[in-house]
Each structure stands twice: as C-alpha cells, then as structure tokens.
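Structural description and commentary
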Amino acid sequence: MLTRELIWPKSIVVVGASNDVSKPGGKLLKNLMDNHFEGDLYVVNPKTEVVQGIKTYPSIDELPEVETAVLAVPARLCPEMTLQLCRDKKAKGIIIISAGFSEESEEGRQLEQQIVETVNRYEASLIGPNCIGIITPAHASVFTTPVPKLDQMGCDFISSSGATAVFIMESGIPKGLHFASVFSVGNSAQVGVEDVLEFMDEVFDPKTSTRVKLLYIESIQNPDKLLKHASSLIRKGCKIAAIKAGSSDAGSRAASSHTGAMSSSDLAVEALFRKAGIVRCYGREELTTVGCVFMCKEMKGKRMAIITHAGGPAVMLTDALEAGGLKILQIKDSPQKEALKEKLFAGSSVENPIDFLATGNAEQLGAIIDACDNDFEEVDGMAVIYGSPGLFPVGDVYEVLNGKMHTCKKPIYPILPSVINVRDDVAYFLSEGNVNFPDEVLLGRALSKVASTPKPHTDEVFLDGVDIPEIRRIVDQASDGYQPPEIIHRLFDAAGIPRVQELVVKTPDGALQAAGQLGWPLVMKVIGPVHKSDVRGVVLNVHDKETVLHEFNRLINIPETEAVLMAEMASGIELFLGAKYEDRFGHVVLCGMGGTMVEVLKDVTSGLAPLGICEASSMIKNLKSYQIIKGYRGQEGANQRKFAEIIVRLSSMLRFAVEIKEMDINPLLGKGDRILAVDARIRIEKRPRLD
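Note that this is a predicted model, so its numbers are computed, not measured.

1. A short note on the confidence of the model for the chain
Summarising the model, the chain shows a mean pLDDT of 93, and 97% of its residues fall at 70 or more. Confidence drops under a pLDDT of 50 for residues 250-263, and excluding neighbours within four residues, the segment shows 38 contacts in the predicted structure.

Set out below in structure tokens:
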C-alpha cells in the first residue's frame, strides 16, 4: 500500500538531519531543498537549533502534525519514533534510510517487525529500512547523488538495492535515459518492488503516466502480484525490463528426476518474466540499454537497416542482431535505390549495411534515412552509426539526426560512440530528448531481447477434456513418494495426455499374457530402479515369446526391481516434458529433447503453469533443437500444435494438483500427429519434507 502522503506529501520531517552533508541525514535534507520541495519542511535534531537554515525541533513530541517522515537515526530508536509519528503526528509515509535491521541480525529483524506492525496499524506506508529513499515529482527524499531531473515521460525505476539504484542511474543518464520516479525499497519490510508496481498499475493514466518501467529485484516475495501487475501494465501499453539478481541458484538441492536436477528458482523467474512479458536483463548496462530502446519508437518487425560511416561497428552490430534473430536484409534493386546511390560519394554502398564512408555528410545521412523510412519496404527500423575521428565538426550531422528522430515513422537507434571527441555535440543531441547507444553490440543484444520477449500470456486454464475431479480423487488417494505406473496412467488419462499402452507384470506367465494383449513389438522395463538405463533395465523391440521369458527372468533379478513393465513399442523423435513445484511460484514446466539428450544438452525452456497454447508454442520454438522437432534432413518431425497441447494439458493437471512436486515424461515419442508418453515418473508430496 502506497499512500498519497508518501508520494505527494504536503509536509516532511527529517529526523536526524544535520549540517554535515557528508552524512545521510544532512545530505537528504540538502537534496530536498536543492530539488525544491514545496511543502512544509521540518527537522528533528536535539543538539542544535538550526540545521541548514531550518529551525529544528528537539523531539518528535514538539512537532506539528506531518504527512511523511524520513528517519536517519540508529536502528534501535526507529520503532518508538515510528510509533510517535504515526500515532501522535498522523504521519502516513515513513522512509527509514538507517541500516541495522533484518539484513544484519535477529535483533534487527525484531526491530523491523515492530515498525511494520505500527505502520500497518495506522495504515501508513513504509519504505525501507536500509534504503536510499525515493524520488517522486513532489520530493527527492534520497541521501545520494545523482538526483536526476525528473521527466514525466521518463522511466519509473524500482530497485531492491540503494547502491545498485545509484549505479543504474549513473549508467542510464549519460545515455540520455530520463527518470519519472525512483523507488529504493531496501529490506522491503512492508513495501516491496511488487507493491510499488501494483501502485503504478492502479494509478495508471494513459494520458499522463510513463510507459517504461525498469526493475532491479533481489528477492521476489510475491510472484503472483508481480505477474498480475506487470502483465496488466504491459497490456495497457507499458514496457518493463528487469534484473533478477541471484541467478546462479547456488543453494539448489540435488533431485532424483531430470526436471528436479535441472529446475531451479532461476528457471521459475525466467518463466515468470516470460509469462508477464518482462524483458529480462543480467547487468546494469544491459538494463539501461533496453530502457533506452523502450524510449524509442516501437519497431513493428524484425528487419533492420544499418546506416554507417564506419565499417567495423557495422559488422559487429550485424553479428549481434543476426545472432539475436533480427534480420539485415539486402536492399532490393529499385529506382529509389539508384536515386539514393547518386546522392552519395563514389564508393558508398547502398546494400545493407548502408555505408556512406568516413567523409559522409549531414545531407547524405538525411537522404539515407528518408529512403529507409519511406522507400525501402524491407526495413522496419534503423541503426545510425556516426562518430568522429576529431578531424572536422559533426554538429550539423547530429542536428539532422535529431530532426529525423522526431519526424520519421520508423524507429531510429543512434549509435554515437565519440563521447570524447565530440562531447559537446553529443550533449546537444541528448539535450533534445534523445537517447544514445555508445556501444553497438549492447544495442544489438538489447534489440534482440526486446524483439524475442513475448507479450503477456493469458492465465486462463485449459480444461477441455481435463477431468479435474478425477485428478483430485487420484491425488487424494495416492501415497507420498514416486508413484506406481497405474497411478501415472490414471492421471494421464484424466488429463487427456496420450500414452503408450502398458501393463505391469510380476510373473513369467503374466509377461506372456501381457504380450498377447499388447501385440508386437514390445518394450520391457524394470520398475524400481531410479535410472533404468544405468542397470540395463530397458529392452526394446521384443518380437517373440521366447525373448519375453528370457528378458523377464533377467530383469526381475536386477537389484531393487519390484516388477516389469510391458509396453507397446512406439517410434519417433524423443521429446522431454517435466515439471517441478517451486515455493511461491507454483509449477515450473520444462520441455526439450528427450532420451539421454536432456542430460547431455540440457536444452530446455521453461513456462509457469497454467500455460496457454501460445505460451507452450513459444516454449517449443525457443528450443535450440527446434529444427529437429520441425523435421530435419528427411526425418519426419512432431506436430508442434499437438506437442503444445500436451504441455498445456500437463500444466492444467498440475494447476489442480500442487501435491505433485516433481515429474518427468521422458521420452515422449513424436512422429507426425502421434505423440505418446512412453516413460514417466511422478513424485507426490502431501506433507512438507523435514530436510
């Protein structure tokens, strides 16, 4: 909950402000004054009568009522002061920049909890503790620099870390990235990144609200809230990019299933971001570069023109764009192409990249941009590379580029790498409201990420042919642990997941009888050992009764074997499908190539249940092995729509069976429209594990 008083306060008190601006309280007060807070500004400091020209109050008791308070005092004093401010002075906004709370000790955690209980009781908003503060159009309550000049149509920036917030602003400002607000939530004791995003969603106004949000997240406390409000904002026309720190998942535990071994909280984050439509970034420069891309006009396709007067950067940008799935198509021969070539110096190239040489001038650049914008249909967006060796002025080039940035229909991404040689000209270009991408490879990667991030997916659950009551009956009756084949068969049948016909046998006569029912050829597998292939527990292409008896006797004597599974023989591409339950996130669903390839290549994509057909199709198409699934070198592929439907059916089953903690289907054999689950493992856990 973010109150009006926190965002637009009419009065602020800084408790612990001093004349020493090298200390947080002193610098925060200076920032408030330097950035022209228009309301009543108070200071509590018992040691002096005036701080930075403001008359002080010796204690909170003597203050008038105040809407927002910033605390820069030792942690041990904060609970009582918060109570006084909320109860006696009617404060509805509390910002605590002090450290020494849950990030430090159990004692600090208890102090933090007392503060949360107070602000909740009095329906106030708490930012922090252990943060740098916030910047809104009304006030700059931060103790750091830079304090960016806010632009209503800049980006909203929310950060878990105060120091990282500073570094991200320092990365973005030189690129021309403007900010509309900055929130540093610190320990997120009451208000976290998700809560600020919720507030921005609820107050969004299509006429006045900025469309760009940048996030730095250290811990996702409420994935459902993040998904709901990020998706909502993006559907309203916003663009969101985020860093989620801590992707290595060093604390992940070993698991017996392939899915359990490969899945992690980071894959859950990846799935959540893709479902919401958030562009995921992994570093400050990448985040601010994506933010600058968002500030440009939106590119409607994936075909880029590169306009350059320098060969090397154009080659590196081409490589980065092509690697990311964007296209650098050759400009088709046409009268317009010939007309453009006549306007350029001899030796210029009008293919793509369009190279107008180191001597190219402003008039030529304007002509090239106009041709790409109006005449060349194979161009959806333009990257313009123009630096300077320091030999002659280039201000007129940047003036032309500035004009085209505002008038062209297609987006232009300016790459002005000469931040020293023509510093003043670049500064002029940025002062006109433009952004700059000084590194062409970072731009190429950012454009690729933006283009490949899907739009938010529907959260409707696919129920056609999925028998939810039967799934619940099966799960409720099942015991904890890995499930026997008959339970797995019933679950798949209830969900509508196609499977091979199988029978469990424990005697030679039972094996012969099963063979008669299933027909030839057969597969025989041990039941019991975790990894069947490791103990030679799988036999393929069984064609006669003699082999059935021989292999049954061998398999049943393998250690830990409880029975033998007899199954019809299927053929096709080996696919993999799995799921793992992640706390707070729900089920992460994985798909990829099956068999041993899932262990060797680990080429999997993730989605967050429940999934829709479009989302499942996107998972399939994002596999590196997608070409094999489509069909490769004469081998028939697997029907992608059918595969996507099986993924969706599985996710619908899981939506109503949270007790399923891990599962593998490996392999699914796919050949045309026939895709069958061949081998599966499901672990049900109804009681929390003690490990």
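We are not done yet, so read on.
2. Quick notes on the packing of helix α22 (residues 613-621) against helix α24 (residues 640-655)
Relative to each other, α22 and α24 sit at 115°, their axes nearing to 8 Å. Crossing of α22 over α24 shows right-handed handedness. Across the interface between the two elements, Ile613, Ala616, Ser617, Ile620 and Lys621 of α22 pack against Gln640, Arg641, Phe643, Ala644, Glu645, Ile647 and Val648 of α24. Of the residues contributing to the contact of α22 with α24, the split by class is 7 nonpolar, 2 polar and 3 charged.

3. Things to note about helix α10 (residues 284-295)
With 12 residues, α10 should reach 16 Å at 1.5 Å per residue; the first-to-last C-alpha distance of 17 Å fits that figure. The buried fraction of α10 is high, at 9 of 12 residues. All of the buried residues along α10 are Glu286, Leu287, Thr288, Thr289, Val290, Gly291, Cys292, Val293 and Phe294. Buried residues along α10 sit in contact with α5 (162-172), β12 (212-217), β13 (239-244), β14 (279-281), β19 (412-415) and α16 (440-452).

4. So, the pairing of strand β18 (residues 381-385)
Most of β18 sits out of view: 5 of its 5 residues are buried. Of the two faces of β18, both are covered, the one formed by Gly381, Ala383 and Ile385 as well as the one formed by Met382 and Val384. Bridge analysis of strand β15 (residues 304-308) against β18 gives 5 bridges, and the strand direction is parallel. Each residue of the ladder has a partner; that of methionine 304, found in β18, is glycine 381. Across 4 bridges, β18 lies against β19 in parallel orientation. Within the sheet, the bridge partner assigned to valine 384 lies in β19 and is proline 414.

5. Describing the sheet that holds strand β21 (residues 502-505)
Spatially, 4 strands are ordered β21-β24-β22-β23 in an open sheet, and the strand pairing comes out antiparallel. Each edge of the sheet is formed by a strand with only one pairing partner; in this case those strands are β21 and β23 (538-542). The mean inter-strand angle of the sheet, taken between neighbouring strand axes irrespective of direction, is 20°. Bridge count for strand β22 (residues 522-527) against strand β24 (residues 563-568) is 6 bridges, and the pairing is antiparallel. The residue bridging leucine 522 from the neighbouring strand is glutamate 568, located in β24. Along the sheet, helix α20 (residues 545-556) makes contact with β21, β22, β23 and β24, crossing β22 at roughly 15°.

6. Section: the environment of proline 454
Looking at the element boundaries, proline 454 is found in the loop between α16 and α17 (468-477). The spacing of proline 454 and valine 279 is 175 residues in sequence and 8.7 Å in space, taken between C-alpha atoms. Discounting residues that sit within four places of it in the chain, proline 454 has contacts with Arg274, Gly277 and Ser618.

7. Examining the sheet that holds β14
In a beta sheet, neighbouring strands pair by backbone hydrogen bonds and run either parallel or antiparallel. One open sheet accounts for 7 strands, arranged β9-β8-β11-β10-β12-β13-β14; its pairing is mixed. Of all strands in the sheet, those with a lone pairing partner are β9 (140-142) and β14, marking the two edges. Sheet twist, expressed as the mean angle between neighbouring strand axes with direction ignored, is 15°. Two elements, strand β8 (residues 133-135) and β9, share 3 bridges in a ladder whose sense is antiparallel. Looking at the pairing, isoleucine 135 lines up with alanine 140 of β9.

Cut-offs used in this document
- Residues numbered from 1 in each chain as written.
- Predicted model: local features only at pLDDT ≥ 70, side-chain atom pairs only at ≥ 80, totals over all residues.
- Heavy atoms only, no water.
- pLDDT = per-residue confidence, 0-100.
- Contact = heavy atoms within 4.5 Å.
- Axes fitted to C-alpha atoms, helices over the stretch in contact; angles between N-to-C directions.
- Helix = DSSP H or I, 4+ residues; strand = E, 2+ residues; numbered from the N terminus.
- Left-handed = near helix turned anticlockwise from the far one by under 90°.
- Nonpolar A, V, L, I, M, F, W, Y, C, P; charged D, E, K, R; others polar.
- Expected span 1.5 Å × (residues − 1).
- Buried < 20%, exposed > 50% of the residue type's maximum accessible area, 1.4 Å probe, protein only.
- Pairing = 2+ DSSP bridges.

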